[in-house]
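Here's the letter readout for the chains.
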Amino acid sequence: MSDVAQHISIPKIQSTNDDLDYSYLRKKGQEYIEQLSSQIWTDYNEHDPGITILETLCYAITDLGMRMSLPIENILAPENNTAQKIDEQFFKASEILPSKAVTEADYRKLFIDIEGVKNCWLKPFEKTVYVDCKHDKLSYNPKSFETTHNDFKKEFVLKGLYSILVDYEKEDITQVEIDEMEAEITKRFHANRNLCEDLVKISKVDPFPVSVCAGIELLPEVDEELVHAKIERAIESYFSPSLKFYSLRQMVDKGYTTDHIFEGPLLEHGFIDTVELENAALRSEIRLSDIMQLIMGIDGVKNIRDISINDCSHPQAEANSWLICVEEGKKPVLCTDSAFSYFKGVLPVNVNSAKVKEYKAELEALEKAEQELAKTGMEIDIPQGIYLNTNETTTIQNDFPDTYGIGQNGLPSRVSTARKSQAKQLKGYLLFFDQLLAGYFAHLGKVKNLLSVNNQPGKTYFIQAIKDIKGFDELVNHYPGNNPEELAELLFDDLDNAVERKNILLDHLLARFAEKFSDFSFFMKGLYGSFASEAILFSKQNFLKDYPLTSCERGSAFNFILPEEDLWNTTNISGVQKRIARLVGIKNIERRNLTESLFEIYDPEELDSVKEYRWRLRDGDASVIMESPEIYPNYLLAQQQFYIVLVNILETSSDAIESAFEEPVQDGDVIGNFKIRISSSSQYSFDVINPEAAEDTTEYIIAKKYGDETSKEDLKEALLHVIDFFVQSFTEEGMFLVEHILLRPDVTNNDVPLDNFMPICTDNYENCEPVDPYSYHITIVLPGWTYRFGNADFRAFMEELSRKELPAHVLARICWIGERKNRVPDNESDMFLFENAYKDFLLSRVGAGQEQDEPTLKTFIKILTDSNSIYPSGKLLDCSDEEDEVKGKIILGRTNIGNL
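Only a predicted model underlies this, so the values are computations on that prediction, with no experimental measurement involved.

Describe in detail the packing of aromatic side chains, supporting the description with residues and values.
In the structure shown here, the tally under the stated rule is 44 aromatic pairs. Geometrically, the ring pair formed by Trp-41 and Tyr-44 is tilted, given 5.5 Å between the ring centres and 50° between the ring planes. A connected cluster of aromatic rings, assembled from ring pairs, spans Tyr-528, Phe-531, Phe-599, Trp-615, Phe-642, Tyr-643, Phe-725, Phe-726, Phe-730 and Tyr-787. Between the NZ or CZ atom of Arg-193 and the centre of the ring of Phe-558, over which it lies, the distance is 5.7 Å. Sitting above the plane of the Tyr-359 ring, Lys-355 keeps its charged end 5.0 Å from the centroid.

Below you can see the structure in the form of structure tokens.
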């Protein structure tokens, strides 16, 4: 065996096409018959009725196989104009393939897509930071630490900062136009900014004047002004290349595949060839041989009699230099010392400069018109297909020979009653196969719904009525042939676990993008019991629905230059936050005040010296919808009781409520984990119960509905509202992601006070590592008190997931901080202090450019660096009590020892 590793691949076509092979199906069917009944049945010839039934069923299977082999666009074609079209069933190429700018080439494409920008280049903005390890200080000024011993001095360069050099199309561009385009460049950069990166400055490329002098012989019949216009444009393009936009068709014709064409950001003016972009770098040298080749390639040029190039700023001693080195960061331009002489034979030719300008304008107009065409057809055409009614079915009984008497013609009236009975028995026997095949065809007709990324049907099993059977009513009683829903309920109601099957379908759709939820599902089942499958389903649906966004932005940062209203209570957050939130099922991904919750624990007797606690829950209208039935002796017990309520409500489905109210509801009835209360005055309300507790204990009723309803219908709506509120809306979870590079002091000011910098790890100034607290560092802050986030195992899962989802070069510090509001005074609450300081910091950056508001920055840095994780509370227990030991286990570094 070879030592070389073999490449393993999954074939695209897995089908064996056995369903299309009638002979194969008949052969396999007969083999099964022989295995089952060879001792009582030996006649397998064509005349045998059993073989005839086998052949008819084989034919029906091949019919199904043929329909499954139809062009996919025909299988997915909508039934009518109101149904979901094919291009709505899948993500378009322009939705799923592009991404925010990641590489330098991506950013260049974005900026070249701006009207008036000819070319641009990103350059690292290098800013050195000097370190005094002994005194834990940073500075931009090396003189700040002149008195410090050299053994304690270090320095580093900030990473992730950039400057942009721009080459504008117009040579005579005004400052107003430059300002407008710089504003647009800044806007696009920050809308696509990578995590832990920032833009410091934008500069116009300085010219590097080069003269070209040439004597050129032309063919007699050519237009010398047109040739000169083409020569000037060729040299200008060589000095500073212009990038061309292509249409989708042109890119395909160039040999690019779809994934390569749509790679990177989606542009407005077409597609840019990445190879051409790489070749359009700032020139470091001008070669005379290249210019000669360009000139000789223009139609009408016969030969070059003489030619020279020169650096206009630094004239060379040798006039016929073959190579000129261009200063870094500059672009070569034709200077006014350039001269071109033209000859036809021995006669010199005069060139009309006005006519040359006219020709150049015409050439530019033709090029611009061609570029306009690149904007068209930027989306891949999706074939709409022809609706062929693939779900249509008919009975197999009509395919049998008339001699069987089960088709439309039936049996002659003269046959015996026994013969008629035999025919009915065969018809009844074949009904099973008819209904089975009708179900298969029905599923084929619903493929477009089952596998659509935008439309998940309520049912996952489908059925349709059997048709065209003569005397059907004599065979089956109470068959709801005109009511598909009733028929499906009758046949498949016990089989169709919609939540479980939808999860399987979503797993298939997510696997297409190499995504999985297996670890998340494992932890959710331990936290939410029977509701876990539904919670996992919601998370998968939201993740798939947002996939173009979370995939496109997975490495991008938030846009911090937007107005104030777009910085708080907004989804303007980093792409990795959106992705992590969707992967762990966080409902509300907005940047907001997490300490402001609809759930509240309070002391009903605030003036009493004895601390006692109750809890209450409000809905979005601030109305109290649920409250604790008793007073708890401590805060944590009240919080834990609410979490029990949360799980018990989620474990009761809306379907259970709907089903229960189809019958009369009585006082004391238990529906799921709700107990109905009907007063003597016909006031309706309900309690939440703990089914694991005995009815005669105080642990049985764990929550009460606030307020009473006046009718059973209102009660039903109130129950459904509570369930929907907990399932869809209620959440205390969220996350903050702070990029340390944004906390840097103004890099354009070397006299920044030392206390405006972040602290460093001095390690007793022995190793002083890491010295750079800014470059590619982030802090993730999460609320440590919520139901899931208070679970040590879920925390470990989420920390591992967060680090996996972050770009590999980004180092994260993860903090689970804070206390619920009213647990401690606001001035002692880490989360309250953090979110307010963070909000003030973000708002202080609006319109500030590189400048920082020093007091705001210092306050936020201190709160951020002083924040520490809080841990779930536990208690030391008697080792003999195994049950309590498991419930309150102490884990070093992950549990806080305290009184419950």
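For the state of the cysteines, give the residues involved together with the corresponding values.
The bond known as a disulfide is covalent and runs between the sulfur atoms of two cysteines. Inspection of the entire model under this criterion finds one disulfide. Bridging Cys-312 to Cys-335, the disulfide has an S-S length of 2.1 Å. Sign of the S-S torsion, about -50° for the bond between Cys-312 and Cys-335, identifies this disulfide as left-handed. Of this pair, Cys-312 sits in the loop between β11 (301-311) and β12 (323-325) while Cys-335 sits in the loop between β13 (330-334) and β14 (339-344), placing them 23 residues apart in sequence. Here Cys-213 is not disulfide-linked; the sulfur of Cys-335 is the nearest cysteine sulfur, at 7.8 Å. Assessed through its relative accessible area of 25%, Cys-213 is described here as partly exposed.

Tell me about the sheet that holds strand β24 (residues 777-783), and please be specific about residues and values.
Read from one edge of the open sheet, three strands run β23-β24-β25, paired in mixed fashion. Edge positions in the open sheet fall to β23 (736-739) and β25 (811-817), since each of these has one partner strand only. Going from strand to strand, the sheet's axes swing by 20° on average, the running direction of each strand aside. Sheet topology note: the β24/β25 ladder contains seven bridges and is parallel. By the bridge assignment for β25, Leu-782 is matched with Trp-816. Helix α26 (residues 792-805) contacts β24 and β25 of the sheet and is inclined by roughly 155° relative to β25.

Explain the environment of Asn-559 residue by residue, including any values.
Along the chain, the position of Asn-559 falls in the loop between α20 (547-552) and α21 (575-583). Asn-559 sits 209 residues away from Asn-350 along the chain, and the two C-alpha atoms are 57 Å apart. Excluding residues that lie within four positions of it along the chain, Asn-559 makes contacts with His-190, Ala-191, Leu-567 and Asn-572. Of the polar contacts made by the side chain of Asn-559, one reaches the backbone nitrogen of Ile-561; its length is 3.2 Å.

Any details on a negative patch on the surface? Residues and values, ideally.
Side chains of Glu-485, Glu-486, Glu-489, Asp-493, Asp-494, Glu-662 and Glu-663 sit close together on the surface and give a patch of like negative charge. By secondary structure assignment, the location of Asp-494 is in the loop between α16 (484-492) and α17 (498-511). According to the relative accessible area criterion, Asp-494 is exposed, its value standing at 78%.

Give me the lowdown on the pattern of salt bridges, citing residues and values where you can.
Between side chains of opposite charge, a pair can form as their charged atoms come close. Across all of its chains, the model carries 47 salt bridges by this definition. Across the pair Lys-330 and Glu-327 runs a salt bridge whose closest N-O atoms are separated by 3.0 Å. On the accessibility criterion, Glu-327 (34% relative accessible area) is partly exposed. Residues participating in the shared-partner salt-bridge network are Asp-113, Glu-184, Arg-188 and Glu-268.

So what's going on with the side chain of Thr-570? Residues and values would help.
In this structure, Thr-570 sits in the loop between α20 and α21. If we skip the residues at most four places from it in the chain, Thr-570 touches Glu-590 and Arg-591.

Tell me about the nonpolar core, and please be specific about residues and values.
Formed by 112 residues in total, the largest nonpolar core has its most connected members in Met-626 and Phe-726. Leaving out residues up to four positions away in the same chain, Met-626 has contacts with Trp-615, Arg-616, Leu-617, Val-645, Ile-649, Phe-686, Val-688, Ala-703, Lys-704, Tyr-706 and Val-722. Judged by nonpolar contacts, the second largest core, of 42 residues, contains Phe-156, Cys-815, Ile-817 and Ile-863.

Which residues make up the pairing of strand β7 (residues 206-218), and what values go with them?
As defined by bridge partners, β7 adjoins β13 across five bridges and the pair is classed as parallel. If you follow Pro-207 over to β13, its bridge partner there is Lys-331. Direction of pairing for β7 relative to β14: parallel, over a ladder of five bridges. Bridging from a neighbouring strand, Cys-213 pairs with Ala-339 of β14.

An account of the environment of His-314 is requested, with residue identities and associated values reported.
Residue position: His-314 is located in the loop between β11 and β12. Looking at His-314, the relative accessible area reads 45%, which means it is partly exposed. When the C-alpha positions of His-314 and Arg-67 are compared, they lie 77 Å apart, and in sequence the two are 247 residues distant.

Describe helix α14 (residues 417-445), listing the residues and the values that go with them.
For α14, which comprises 29 residues, the first-to-last C-alpha distance of 41 Å matches the rise-based estimate of 42 Å (1.5 Å per residue) to within 8%. Of all the bends in α14, the greatest, near 30°, is centred on Leu-430.

About the criteria used
- Each chain has its residues counted from 1, following the order in which its sequence is written.
- At least 70 in pLDDT is required for a residue's local features to be given in this predicted model, at least 80 for side-chain atom pairs to be given and counted, and no such filter applies to totals for whole chains, interfaces and linings, which use all residues.
- For the side-chain quantities, the full set of heavy atoms in the structure was used; hydrogens and water were omitted.
- Aromatic pairing here means that ring centres of Phe, Tyr or Trp (its six-membered ring) are within 6.5 Å. Orientation follows from the plane angle: under 30 degrees is stacked, over 60 is edge-to-face, and everything else is tilted.
- Any Lys NZ or Arg CZ found within 6 Å of a ring centre and within 35 degrees of that ring's normal is scored as a charge over the ring.
- When the sulfur atoms of two cysteines come within 2.5 Å, that pair is taken as a disulfide.
- In DSSP terms, a helix is any run of H or I states spanning at least four residues, a strand is any run of E spanning at least two, and both are numbered starting from the N terminus.
- Accessibility here uses a 1.4 Å probe with only protein chains present; expressed as a share of the type maximum, an area under 20% marks a residue as buried, one over 50% as exposed, and anything in between as partly exposed.
- For two strands to be treated as a pair, DSSP must find at least two bridges joining them.
- Axes, fitted as lines to C-alpha atoms, cover a helix only where it is in contact. Angles between the N-to-C directions of the axes lie from 0 to 180 degrees.
- By definition, residues are in contact when any of their heavy atoms lie within 4.5 Å.
- Think of a polar contact as two N or O atoms within 3.5 Å of one another; within protein, one of them needs to be a possible hydrogen donor and the other a possible acceptor, and neighboring residues in sequence only count if both atoms come from side chains.
- In this scheme, patches are assembled from residues that exceed 30% relative accessible area and form no salt bridge. Like charges are connected within 9 Å, while nonpolar side chains (Val, Leu, Ile, Met, Phe, Trp, Tyr) are connected within 5 Å.
- Working definition of accessibility: Shrake-Rupley area with a 1.4 Å probe, residue cover restricted to the visible protein chains.
- Salt bridges are defined as contacts in which a side-chain nitrogen from Lys or Arg sits within 4 Å of a carboxyl oxygen from Asp or Glu.
- None of His or the chain ends enter the tally, which takes Lys and Arg as positive and Asp and Glu as negative.
- A single reference atom marks each charge: NZ on Lys, CZ on Arg, CG on Asp, CD on Glu.
- Remark: nonpolar core denotes a set of buried residues (Ala, Val, Leu, Ile, Met, Phe, Trp, Tyr, Cys) joined through side-chain atoms within 4.5 Å.
- To estimate how far a helix should extend, the number of its residues minus one is multiplied by 1.5 Å.
- Two axes enter the bend calculation: one fitted to the seven residues ending at the residue in question, the other to the seven starting there, and the bend is the angle between them.

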